[in-house]
Amino acid sequence: MGNYGLNIWGSNNFVIENGKVCINKGMKPALYDIVEEIRKGDIRGPILLRFPHLIKKQIDTVYNSFRKAKVEFHYNGEFNAVYPLKVNQYPGFVKNLVEIGKPYGYGLEAGSKAELLLAMSYNNDDAPITVNGFKDKEMINIGFIAAEMGHNITLTIEGLNELESIIETAGERFAPKPNIGLRIRLHSSGIGIWAKSGGINSKFGLTSTELIKAVSMLKDAGLLEYFTMIHFHIGSQITDINPLKKALREAGNIYAELRKMGAHNLKAINLGGGLAIEYSQYKNTLNRNYTLAEYANDVVFLLKTIANQKQEPEPDIFIESGRYIAASHAILIAPVLELFSQEYTEGKLFLKEKNPPLVAELLDLYRSMKPGNALEYLHDSIDHMESLLTLFDLGYIDLQDRSNTEVLVNLVIKRAVSMLGDKNLTEIMDIQERVQERYLVNFSLFQSLPDYWGIGQTFPVMPLDRLDETPTRSASLWDITCDSDGEIGFNLNNPLFLHDVDVTERNYFLGFFLVGAYQEVLGMSHNLFTHPTEAVIRIEDKDPKGYVVEGLLESQCIQDILEDMDYDVREIQDNLHERIEKSPLIDDKQRKHILGEIYLFLNDNGYLKTIGKEGE
Ligand code: PLP
């Protein structure tokens, strides 16, 4: 995996040049250099970089794919897209997205009162707003206010009681009214770990019986003209295109039937989200079996076919893709703090004048290894290690012999792996799994990759430099939380190899890619590690470095984190001060010094300061 699967998941967004991952745009700045520059401002800990040009690329690609599909199939309906705010509500992302989407009339989708008010404040003029999820009377009122402000808003109802509230509200408020959408409950559902939103047992949507009832309620209330859209969503990250095709056929027919029942203003089908992205770093574990072009063609072709068969107008198409738009724009970059077996260098060998025979044998294997015998010697050394560990347990060798054993076996492994390269991969993998290196990484898995912890979703990981050197260590990543779940273990189906580095000499950063969708907002403050420092990076040819760092926002300081937990920070400060003042163990000078330190710690962010270079 010389390029860490960049050709699979990278979408040409990155290139490797001079051993570094570079942004494939403009002067191709290296991620390593961007991070080092940010760190010059004394920023430590993990850093989340946002790239607006990657948001633009995704938006352009979606609109272009549907434009092409419409031309190819002579489709008469319109294409519209809205961005579901739930996927990432951070201003560093949303404000850029709205601005980039302006020429397309790209809109926003809201699923809660807070998101709806956000959408009403930032949405592009005339761009659509769609509202999903459960709504109380208050939220429906907010939806009416949006219409009264002039927004092109559709309230999608999830159940008949919501429709009753809408009808009641319509009678109470002013003349402008929101459009009404009905979420349909399909038999079809997606497949994969996020497929629960679709299917007959899903949490959302109206059954056929309820749809008929809804139309008659709207008719009776004189509001049928506002019913303009049906909506479905078969789950996020649709891995297989077939369930979507089935859902489209079902939805297309429901659309035609509802029109025939008199819903003449019904003109749009909203497919929700679900467009998948490729997270895999290996060809044998791909996450999806279709491309965006295929998705767009299928949607347009199927809806056209059904509309034509049923002699109804071709519906306007709405999509609410979030993951596809947001995932690639953000990269989490985290420094490696420590390698747990880094002490296994020749300098750590303390051989005796007379060593146990198996230790002497290990030394010999290490010294005489050549590419031709590397695999055999590797096997022998693992065998010797097991015997030596047994001898230790039985009391026949001492701790010094055991330490020499561990050092020598690790040296043999490193030398063998670098001599063998990609040859004998199966045997090497087997051994690698047994001798993983643990990399302690300055980030919180719970805060920055919650989907890995919660549902086992993997994300592409790679080092930012040394990519012209073969990585020789099978890697397990440990985060800095005090929780053994905060680990990305070495996995034979998705193996990660990293370099043997001395982080006291030079920083070694890992990039976690495609983290722009869901991860930031689902992230939790386990151990009180909060959202990492973030920065927006604008690729700018006119700048001598080829990029500009904007909107640098350091991770919250400890005092603010505690305040967010509803602690009275003044009380905490006073308690600490009082205890320091009262301590009989220190003199006045020391007391003053310690008070100053406490002030600094409370105002610093909670991530660790890397040892070595990082701490300088
Ligand atoms: N629309 C609705 C109704 C959703 O529930 C979701 C998320 O599950 C989305 C859109 C966004 O889905 P995705 O991020 O997979 O595109």
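Residues numbered from 1 in each chain as written. Predicted model: local features only at pLDDT ≥ 70, side-chain atom pairs only at ≥ 80, totals over all residues. Heavy atoms only, no water.

Undergrad: Describe in detail a nonpolar patch on the surface, supporting the description with residues and values.
TA: Taken together, Leu528, Met565 and Tyr567 make up a surface patch of nonpolar side chains, about 290 Å² in accessible area. Here tyrosine 567 shows up in the loop between helix H19 (558-564) and helix H20 (569-582). (Patch = residues over 30% accessible without salt bridge, like charges linked within 9 Å, V, L, I, M, F, W, Y side chains within 5 Å. Areas by Shrake-Rupley, 256 points an atom, 1.4 Å probe, with all protein chains shown as cover. Salt bridge = Lys/Arg side-chain N within 4 Å of Asp/Glu carboxyl O. Helix = DSSP H or I, 4+ residues; strand = E, 2+ residues; numbered from the N terminus.)

Undergrad: Just give me the short version of the domain arrangement of the chain, but keep the residues and values in it.
TA: On domain assignment, one finds that the chain holds domain 1 (52-321) and domain 2 (560-615). Each of domain 1 and domain 2 was reduced to a C-alpha centroid, and the two centroids are 50 Å apart. (Domains from an automatic or database assignment.)

Undergrad: Summarise the site of the ligand; cite the residues concerned and give the values.
TA: Around the ligand sit 16 residues in total, of which Ser236, Glu320, Gly322, Arg323 and Tyr518 are the nearest. Here an oxygen atom of the ligand sits 2.9 Å away from a polar atom, N or O, in the main chain of glycine 274. Within the complex, the protein chains bury 92% of what would otherwise be the 400 Å² of accessible surface of the ligand. Per-class residue counts for the shell around the ligand are three nonpolar, nine polar and four charged. (Near = heavy atom within 4 Å. Polar contact = N/O pair within 3.5 Å; in protein donor to acceptor, adjacent residues only side chain to side chain. Nonpolar A, V, L, I, M, F, W, Y, C, P; charged D, E, K, R; others polar.)

Undergrad: So what's going on with the pattern of salt bridges? Which residues, and what values?
TA: Within the structure shown, the criterion is met by 32 salt bridges. Ionic pairing is found between aspartate 136 and lysine 113, a salt bridge with its closest N-O pair at 2.8 Å. Taken together, the residues span a long stretch of sequence, with aspartate 136 in the loop between strand E6 (128-131) and helix H6 (137-149) and lysine 113 in helix H5 (residues 113-122) at a distance of 23 residues. When the shortest N-O distance is used, the salt bridge between arginine 466 and glutamate 469 registers 3.3 Å. Note on glutamate 469: relative accessible area 38%, which makes it partly exposed. (Buried < 20%, exposed > 50% of the residue type's maximum accessible area, 1.4 Å probe, protein only.)

Undergrad: Kindly report on the environment of asparagine 132, identifying the contributing residues and their values.
TA: Relative to the elements of secondary structure, asparagine 132 occurs in the loop between E6 and H6. Between the C-alpha atom of asparagine 132 and that of glutamate 534, which follows or precedes it by 402 residues, the distance is 30 Å. With residues up to four places along the chain from it excluded, the contact list for asparagine 132 reads Glu109, Ala110, Gly111, Met139, Thr156, Glu158, His231 and Glu320. Reaching out from asparagine 132, the side chain makes a polar contact with the side chain of glutamate 320 at a distance of 3.1 Å. (Contact = heavy atoms within 4.5 Å.)

Undergrad: How would you explain the pairing of strand E19 (residues 533-539) if you had to name every residue and give the values?
TA: A large share of E19 lies buried, amounting to six of its seven residues. In this sheet, E19 lies alongside strand E3 (residues 47-50) in parallel orientation, the contact comprising four bridges. The residue of E19 that forms the bridge with leucine 49 is alanine 535. Judged from the five bridges that link them, E19 and strand E20 (residues 547-553) form a sheet pairing that is antiparallel. When the sheet's bridge partners are listed, isoleucine 539 is paired in E20 with tyrosine 547. (Pairing = 2+ DSSP bridges.)

Undergrad: Requested: an account of a negative patch on the surface, with residues and values cited.
TA: A cluster of acidic residues, Asp560, Glu563, Asp564, Asp566, Asp568, Glu571 and Asp574, forms a negative patch on the protein surface. Elements represented by at least two residues in the negative patch include exactly H19 and H20. It is H19 that provides the largest number of residues to the negative patch, a total of three residues. Structurally, the position occupied by aspartate 560 is in helix H19. For aspartate 560, a relative accessible area of 31% corresponds to the partly exposed category. (Lys, Arg positive; Asp, Glu negative; His and termini not counted. Charge placed at Lys NZ, Arg CZ, Asp CG, Glu CD.)

Undergrad: Break down H6 for me, citing the residues and quoting the values.
TA: Here H6 contains 13 residues, and its C-alpha end-to-end distance of 18 Å stays within 8% of the 18 Å for a straight helix at 1.5 Å per residue. Listed as buried for H6 are Met139, Ile140, Asn141, Ile142, Gly143, Phe144, Ala146 and Ala147. Looking at the buried side of H6, the elements it contacts are H5, E6, strand E7 (152-157) and helix H7 (160-172). Glycine 150, located one to two residues past H6, shows a positive phi value of around 105°. (Expected span 1.5 Å × (residues − 1).)

Undergrad: Quick one: what's the story with the sheet that holds E7, residue by residue and with numbers?
TA: Sheet strands pair via backbone hydrogen bonds, and the direction of the pair is either parallel or antiparallel. Spatial ordering of the closed barrel is given by E4-E5-E6-E7-E8-E9-E10-E11, a layout of eight strands whose pairing is parallel. Each strand of the sheet is rotated relative to its neighbour by a mean of 25°, with strand direction disregarded. Both strand E4 (residues 79-84) and strand E5 (residues 107-110) contribute to a ladder of three bridges, which runs parallel. Bridge pairing links valine 82 to glycine 107 in E5. The strands touched by helix H3 (residues 52-72) are E4 and strand E11 (316-319); relative to E4, the strand with the most contacts, the crossing angle is about 155°. (Axes fitted to C-alpha atoms, helices over the stretch in contact; angles between N-to-C directions.)

Undergrad: Explain the packing of H6 against H7 to me, using residue names and the numbers behind them.
TA: Viewed as axis vectors pointing N to C, H6 and H7 meet at an angle of 50°, and their least axial separation amounts to 10 Å. Our classification of the angle between H6 and H7 gives oblique. In the packing of H6 onto H7, the handedness of the crossing is right-handed. The residues of H7 that touch H6, namely those facing Lys137, Ile140, Asn141 and Phe144, are Glu162, Ser165, Ile166, Glu168, Thr169, Ala170 and Glu172. Considering only residue class, the contact of H6 with H7 consists of four nonpolar, three polar and four charged. (Parallel < 35°, antiparallel > 145°, perpendicular 65-115°, else oblique. Left-handed = near helix turned anticlockwise from the far one by under 90°.)

Undergrad: An account of the side chain of glutamate 534 is requested, with residue identities and associated values reported.
TA: The residue glutamate 534 is located in strand E19 in this model. Since its relative accessible area comes to 6%, glutamate 534 is described here as buried. Of note is the side chain of glutamate 534, whose polar atom sits 2.9 Å from the side chain of arginine 50.

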